[in-house]
Amino acid sequence: GRRPGLDVVLVGDDAASQVYVRNKAKACEEAGMRGEVHRLPATTTQPELVALLRGLCARDDVDGVLVQLPLPRHLDEAAVLDVVDPARDVDGFHPVNAGALLVGRPTLAPCTPLGCMRLLEHAGVALEGARAVVVGRSNIVGKPMALLLLQRSATVTVAHSRTRELAQLCAEADVLVAAVGRAGLVRGAWVKPGATVLDVGINRGADGKLVGDVAFDEARERAAWITPVPGGVGPMTIACLLENTLRAAWRRAGYAPAEFSL
Ligand code: NDP
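Parameters and conventions
Residues numbered from 1 in each chain as written. Predicted model: local features only at pLDDT ≥ 70, side-chain atom pairs only at ≥ 80, totals over all residues. Heavy atoms only, no water. Pairing = 2+ DSSP bridges. Helix = DSSP H or I, 4+ residues; strand = E, 2+ residues; numbered from the N terminus. Contact = heavy atoms within 4.5 Å. Axes fitted to C-alpha atoms, helices over the stretch in contact; angles between N-to-C directions. Phe/Tyr/Trp six-rings, centres within 6.5 Å; stacked < 30°, edge-to-face > 60°. Buried < 20%, exposed > 50% of the residue type's maximum accessible area, 1.4 Å probe, protein only. Expected span 1.5 Å × (residues − 1). Arc of directions from axis to C-beta. 1 Å grid on protein atoms, 1.4 Å probe; cavity = no way out; pocket = protein on both sides within 12 Å on 5 of 7 lines; lining within 4 Å. Points joined across faces, edges and corners; volume = space filled by probe spheres on them. Nonpolar A, V, L, I, M, F, W, Y, C, P; charged D, E, K, R; others polar. Polar contact = N/O pair within 3.5 Å; in protein donor to acceptor, adjacent residues only side chain to side chain. Left-handed = near helix turned anticlockwise from the far one by under 90°. Near = heavy atom within 4 Å. Areas by Shrake-Rupley, 256 points an atom, 1.4 Å probe, with all protein chains shown as cover. Sits in = over half its atoms within 2 Å of the grid points.

## Concerning the sheet that holds strand S10 (residues 225–226)
Thinking step 1. Taken in spatial order, the 5 strands of this open sheet run S5-S4-S6-S7-S10, and their pairing is parallel. Edge positions in the open sheet fall to strand S5 (155–159) and S10, since each of these has one partner strand only.
Thinking step 2. When strand S6 (residues 175–178) meets strand S7 (residues 196–199), the two strands line up parallel, connected through 4 bridges. Bridged to Ala178 within S7 is Asp199.
Thinking step 3. Docked against the sheet, helix H5 (residues 111–123) engages S6, S7 and S10, running at close to 150° with respect to S7.

Listed below in C-alpha cells is the structure:
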C-alpha cells in the first residue's frame, strides 16, 4: 500500500559521489520508489550526521538508508555506519549484516557483489566446484564477493596487494573478479580460456575515460563472458540497491524470511 523509499546521505562535494547519488535517486524514481538525497556540507560534524541518520532510521516511510562513501576525513566512517539501522542498511555495510552474510543467514548483502552474482546467474555460469579468484579484499566488494561465491559452492581464493604470483593464480580461475582500482592490472594472458571475468574496477584513464581493472581488449579474446567498464557491474550495483530497498521494505512489512533470502 505504499512506495518503498530510499534516503541517500552525501557529505561534502566529491565529484564522483555527486554523480553516484544522483544516479541512485534517479533509478529509485524510475522504478516507482521514493528516492531522496540529503546533501550536507563538508564541514558537517559527527554528531550532526549521526542525528540525521537516527532521524531517518526512525521514520516509517524510510526503508533504506545509505551513506555515500568516502566521507570527509574528519568523520569516523565505522562509527557512522554503525548508526544505520541494520534493517534499513541497504548497502549491507553494518557489522550485523556483514556477520549474517558470513554465517549464511538472510541479510542485506553489499550491492556490488550482489550485482556480480546476478550477472553470473543470468549468464548461467556453473559455480559449484568452480575455481573462483577474487582480486581485492575490501569490506564492500572483495570480502562479501568471496562469501557469496562460497555460498554457491565455488572454491574461492582471495588475492590482494601482498599476493605472490598473481598472474598464475588468476590464470587458474574459472571465475575471475577484479576489484582493485588499478587500470588494466589484469592482462589478457592472466585469463583462463573460457573463463568468466567480472570487472568491478572504475578508474579514470589518462584521456579522462573510465576504464576497468581488466585490459578488456586482450581479455575478451580469451573469456567466455566479460563485463565492460562502464556499463557492466556499475549498473548492476544500482539495480541491486533497488532490490535491497525492496527487500528491506518487504521485511519491515512483515514478510517471511524465505522471501527475504538472497
Ligand atoms: P579498496 O581500495 O578498498 O580495495 C582495493 C583492494 O585491491 C585491496 O584489497 C588491495 O589490497 C587490492 N590491491 C591493490 N593493489 C593491488 C595489486 N597490485 N594487486 C592485487 N591486489 C591489489 O577498493 P574497493 O574494493 O572499494 O574498490 C575496488 C574498485 O572497484 C575501485 O576501482 C572502485 O572504484 C570500484 N568499485 C566499483 C563499484 C561499482 O559499482 N562498479 C562499487 C565499488 C567499488 P590490500 O588490501 O592488500 O591493500
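## A few points about the packing of aromatic side chains
Thinking step 1. Tallied over the full model, the rule gives 1 aromatic pair.
Thinking step 2. Geometrically, the ring pair formed by Trp250 and Tyr255 is tilted, given 6.1 Å between the ring centres and 35° between the ring planes.
Thinking step 3. Under the relative-accessibility criterion, Trp250 is labelled partly exposed at 34%.

## Let's talk about helix H1 (residues 15–30)
Thinking step 1. Across its 16 residues, H1 extends 23 Å between first and last C-alpha, which sits within 8% of the 22 Å expected from 1.5 Å per residue.
Thinking step 2. Listing the buried residues of H1 in full gives Ser17, Val21, Lys24, Ala25, Ala27 and Cys28. The buried residues of H1 occupy one face: seen down the axis, they fall within an arc of 155°. Seen from the buried face of H1, the exposed residues on the opposite side, beyond 90 degrees, are Ala15, Lys26 and Glu30.
Thinking step 3. Backbone geometry just downstream of H1 places Gly32 in the positive-phi region, at approximately 85°.

## Some remarks on the layout of surface pockets
Thinking step 1. Estimates place the volume of the largest pocket at around 1,200 Å³.
Thinking step 2. Residue assignment for the lining of the largest pocket shows that the elements contributing at least two residues are H1, H5, strand S8 (203–204) and helix H9 (233–252).
Thinking step 3. Top contributing element to the lining of the largest pocket by residue count: H1, with 8 residues.
Thinking step 4. The class makeup of the residues in the lining of the largest pocket is 24 nonpolar, 11 polar and 8 charged.
Thinking step 5. Taken as a whole, the second largest pocket holds about 320 Å³ of empty space.
Thinking step 6. Looking at the lining of the second largest pocket, the elements that each hand over two or more residues are helix H3 (77–83), helix H4 (95–102) and helix H6 (142–151).
Thinking step 7. For the lining of the second largest pocket, the element with the highest residue contribution is H3, accounting for 4 residues.

## Focus on the side chain of Arg118
Thinking step 1. Summarising the element assignment, Arg118 is placed in helix H5.
Thinking step 2. Among the residues examined, Arg118 registers a relative accessible area of 18% and is labelled buried.
Thinking step 3. Within the structure, the side chain of Arg118 is placed 2.5 Å from the side chain of Glu243, a separation counted as a polar contact.

## So, the packing of H5 against H6
Thinking step 1. With their axes 9 Å apart at the nearest point, H5 and H6 run at an angle of 35° to one another. For H5 against H6, the interelement crossing comes out right-handed. Residues Pro113, Leu114, Cys116, Met117 and Leu120 of H5 form the contact with H6, whose participating residues are Pro144, Met145, Leu148 and Leu149.
Thinking step 2. Of the residues in the contact of H5 with H6, the class split is 9 nonpolar, no polar and no charged.

## Comments concerning the sheet that holds strand S1 (residues 5–11)
Thinking step 1. Reading across from one edge, S2-S1-S3 is the order of the 3 strands in this open sheet, with parallel pairing throughout. Every interior strand has two partners, whereas the edge strands, strand S2 (34–40) and strand S3 (64–67), have only one. Sheet twist, expressed as the average angle between the axes of neighbouring strands with direction ignored, equals 15°.
Thinking step 2. Judged from the 4 bridges that link them, S1 and S3 form a sheet pairing that is parallel. From the neighbouring strand, Asp7 faces S3, where its bridge partner is Val65.
Thinking step 3. Sitting on the sheet, H1 touches S1, S2 and S3, and the angle it makes with S2 is about 155°.

## Focus on the site of the ligand
Thinking step 1. Around the ligand sit 23 residues in total, of which Arg137, Ser138, Ser161, Ile202 and Thr237 are the nearest.
Thinking step 2. Ser161 is positioned such that a nitrogen or oxygen atom in its side chain is 2.5 Å from an oxygen atom of the ligand.
Thinking step 3. Compared with its free state, where it exposes 930 Å², the ligand has 71% of that area covered by protein.
Thinking step 4. For the ligand, the cavity whose grid points lie within 2 Å of the majority of its atoms is the largest pocket.
Thinking step 5. With 3 residues, H9 is the largest single contributor of residues to the shell around the ligand.
Thinking step 6. Broken down by class, the residue content of the shell around the ligand amounts to 10 nonpolar, 10 polar and 3 charged.

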